[in-house]
Amino acid sequence: MKALTSLATMLLLSLPVEGAGADIQIASEVESIQPGVPFTVALHIVPDKNYHTYWKYPGIVGLPTSIKWRLPEGFKAGEISWPAPEIVDMAGHPAHGFRRELLLLVNITPPEQIPASTVTISGELAWMACYKECHPGFATRSIILPVNSAPEPKYHRKWAAPIKKERDALPRKSTLWEVSVESDPDETPVVIRVRPAAGASNNPGQVYFFSEDGQITSEPAQKARRQADGSYLITGTRSEFSPQGRTTLPGTLVASGSWAADKPLAAFRVEPPYPEK
């Protein structure tokens, strides 16, 4: 695993050019911005055919898409809001990423006063796209947005709807399933119990826990077993690079069907505490 991670890092550092495999641009939900009013921009990722990019915690191999913002004075950017990932394959090694075109959303808050009539939102992007081989990419992207004092935002004709669709699909917490950790902190394997509550689906299909902070590795594969009481017992291997001393296990639970009995719900976020000793 160390060799795979070192190889990915070496590839990324040794090729400081725009890479093949994917293209990334910055898109804005609004056509113009208002002083003091937060707005959303997106990193629009279009992978080449058969290629995938990576989630916030890629697993045993890969590097997540990232951006180092260059913003006007007084502007502040939030963290990336990550969609639910899927299992991707790199040379026979399972990892966490995306095969699809997607929008990574970031909220930006401007200052209460903006002296200029336009502002430039810019950032230095880094990513990795893989298929039969991996292509690290670097690029600087920018958009210029007018400043106005209109009482209501003017939404972008092209980007507002897809950004809203991506936002609405982001995994959120749910009360349909009760999630607990049944193993101790820093121990391996990591054991998670997922119990159905009122409104839960009787058959969500195949289930998988994506560890958000790298406590559980992507290889070897997790095991998810349905129990007699309807719960799932998910067992994963703690990563050798796992952060130590964590009191909770943040992650996203994904199902091939729906977690809900009466509506689509492919994923939800959880952060169950470890048992107290």
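This text follows the structure it describes.
The structure presented is a predicted model; accordingly, all values stated were derived computationally and were not measured.

What follows is about the sheet that holds strand E8 (residues 102-109). Strand order in the open sheet formed by four strands is E1-E2-E8-E5, and the pairing between neighbours is antiparallel. Strands at the two margins of the open sheet, each flanked by one partner only, are strand E1 (22-28) and strand E5 (76-77). Bridging between strand E2 (residues 39-47) and E8 involves seven bridges; their strand directions are antiparallel. Residue pairing across strands places phenylalanine 39 opposite isoleucine 108, the latter belonging to E8. Its contacts with the sheet put helix H2 (residues 160-168) on E1, E2 and E8, and the angle it makes with E8 is roughly 95°.

Further remarks concern the sheet that holds strand E7 (residues 93-98). Pairing is antiparallel across the open sheet formed by three strands, whose spatial order is E3-E7-E6. With partners counted over all chains shown, the strands left at the sheet margins are strand E3 (53-59) and strand E6 (86-90), one partner each. Within this sheet the neighbouring strands show an average axis-to-axis angle of 55°, counted without direction. Across five bridges, E6 lies against E7 in antiparallel orientation. What sits directly across from aspartate 89, in E7, is proline 94.

Turning our eyes to something else, we now look at the side chain of threonine 252. By the element assignment, threonine 252 lies in strand E16 (residues 251-255). Threonine 252 has contacts with Trp55, Ala84, Pro171, Tyr208, Phe209, Phe210, Glu212, Ala267, Phe268 and Arg269, leaving out every residue within four places of it along the chain.

Next up on the list: the side chain of serine 258. Locating serine 258 in the fold gives a position in the loop between E16 and strand E17 (267-270). What makes serine 258 buried here is its relative accessible area of 16%. At 2.9 Å, the side chain of serine 258 forms a polar contact with the backbone nitrogen of leucine 265. Not counting residues within four places of it along the chain, the set of residues in contact with serine 258 comprises Ser201, Pro204, Lys263, Pro264 and Leu265.

Rules and cut-offs
- Along each chain, the written sequence defines residue order, and numbers are assigned to residues from 1.
- Only residues with pLDDT of at least 70 are given local features in this predicted model, and only at 80 or more are side-chain atom pairs given and counted; all residues enter the totals for whole chains, interfaces and linings.
- With hydrogens and water set aside, each side-chain value is computed from the structure's full complement of heavy atoms.
- We treat two strands as partners when DSSP finds at least two bridges between them.
- Helix numbers and strand numbers start at the N terminus; a helix is a DSSP run of H or I with at least 4 residues, a strand a run of E with at least 2.
- Contacts: residue pairs with any heavy atoms within 4.5 Å of one another.
- Each axis is a line fitted through C-alpha atoms, and for a helix only the stretch in contact is used; angles between axes span 0 to 180 degrees, taken between their N-to-C directions.
- Only protein chains enter the accessibility calculation, which uses a 1.4 Å probe. A residue is then buried if its area is under 20% of the maximum for its type, exposed if over 50%, and partly exposed in between.
- Each polar contact in these results corresponds to two N or O atoms within 3.5 Å; when the atoms are within protein, one needs to be able to donate a hydrogen and the other to accept it, and residues that are neighboring in sequence are counted only if both atoms are side-chain atoms.

Nothing here speaks to function; it is all geometry.
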